[in-house]
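Chain by chain, the residues:
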Amino acid sequence: NLLDNLLEWARMQTGSIDFQITEFNLDESIQNTIHILEPNLVKKNIKLNCNVDENLNITADQNMINTVVRNILSNAIKFTRKDGEISIEAHRIDDNLKISVTDNGIGMTEEAQKNLFNEATSKSTQGTNAETGSGLGLLICKEFIQRHNGKILVHSEPNVGSTFNIELSQ
């Protein structure tokens, strides 16, 4: 994941990322991401609830959306304690798509939330099992979602958990 983030960041900074809009099944993409991250879920005995319509097709850059979901889900795993719980949901509301990832992890202060998507103040924080990162993941997520004219929002409370919402016009 770290290597992928570094490569994506470098390609983004040099303008060498192609923006390829296609129609794809979001549930399949999310299931593939869950499969990749499953060893991390098992290691921490985290229960993952997935509520995505298996017929939910979206029009977007599949690689970018996969990267965003992988980063946000990886962070949820990173900051959720052993025996915790994470849920991922995706719904279409009129012409909009909303993807939510919620965890019952360590959460964040308001100040930490304000700094998440700021290149100057973004930094990596150790996870509940001393997991490390580069601090680039959420910056990449923000950039990719903005390229889709979408929004990424976070709501978090210390010791309660976090919810990341991705909103895309379809």
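Residues numbered from 1 in each chain as written. Predicted model: local features only at pLDDT ≥ 70, side-chain atom pairs only at ≥ 80, totals over all residues. Heavy atoms only, no water.

1. Describing the side chain of histidine 148
By the secondary structure assignment, histidine 148 is in the loop between helix H5 (137-147) and strand S6 (151-157). Every residue in contact with histidine 148, bar those within four places of it in the chain, is listed here: Phe19, Ile21, Ala60, Asp61, Met64, Ile65 and Leu168. (Helix = DSSP H or I, 4+ residues; strand = E, 2+ residues; numbered from the N terminus. Contact = heavy atoms within 4.5 Å.)

2. As for the packing of helix H2 (residues 26-43) against helix H3 (residues 62-78)
For the pair H2 and H3, interaxial distance at closest approach is 10 Å and the crossing angle is 35°. In this structure, H2 meets H3 at a crossing whose hand is right-handed. Judged by residue contacts, Leu26, Ser29, Ile30, Thr33, Ile34, Leu37, Asn40 and Leu41 of H2 engage Gln62, Ile65, Asn66, Val69, Arg70, Leu73, Ser74 and Ile77 from H3. A per-class count over the contact of H2 with H3 returns 9 nonpolar, 6 polar and 1 charged. (Axes fitted to C-alpha atoms, helices over the stretch in contact; angles between N-to-C directions. Left-handed = near helix turned anticlockwise from the far one by under 90°. Nonpolar A, V, L, I, M, F, W, Y, C, P; charged D, E, K, R; others polar.)

3. Notes on the pairing of strand S4 (residues 85-93)
Across a regular strand the side chains alternate sides, sitting on one face of the sheet and then on the other. Two strands pair when backbone bridges link them, and strand S2 (residues 47-52) and S4 are joined in this way by 6 bridges, in the parallel orientation. Paired with asparagine 49 across the two strands is serine 87, which belongs to S4. Relative to strand S5 (residues 96-103), S4 is paired through 8 bridges, and the arrangement is antiparallel. Each residue of the ladder has a partner; that of isoleucine 86, found in S5, is aspartate 103. (Pairing = 2+ DSSP bridges.)

4. Some words on the environment of valine 42
When you line up the elements, valine 42 lands in helix H2. C-alpha separation for the pair valine 42 and lysine 82, spaced 40 residues apart in sequence, amounts to 9.5 Å.

5. Some thoughts on the pattern of salt bridges
Tallying each qualifying case throughout the model produces 2 salt bridges. Two residues, lysine 44 and glutamate 131, come together in a salt bridge whose shortest N-O distance is 2.9 Å. Highlighted residues: lysine 44 in the loop between H2 and S2 and glutamate 131 in the loop between helix H4 (110-115) and H5, separated in sequence by 87 residues. (Salt bridge = Lys/Arg side-chain N within 4 Å of Asp/Glu carboxyl O.)

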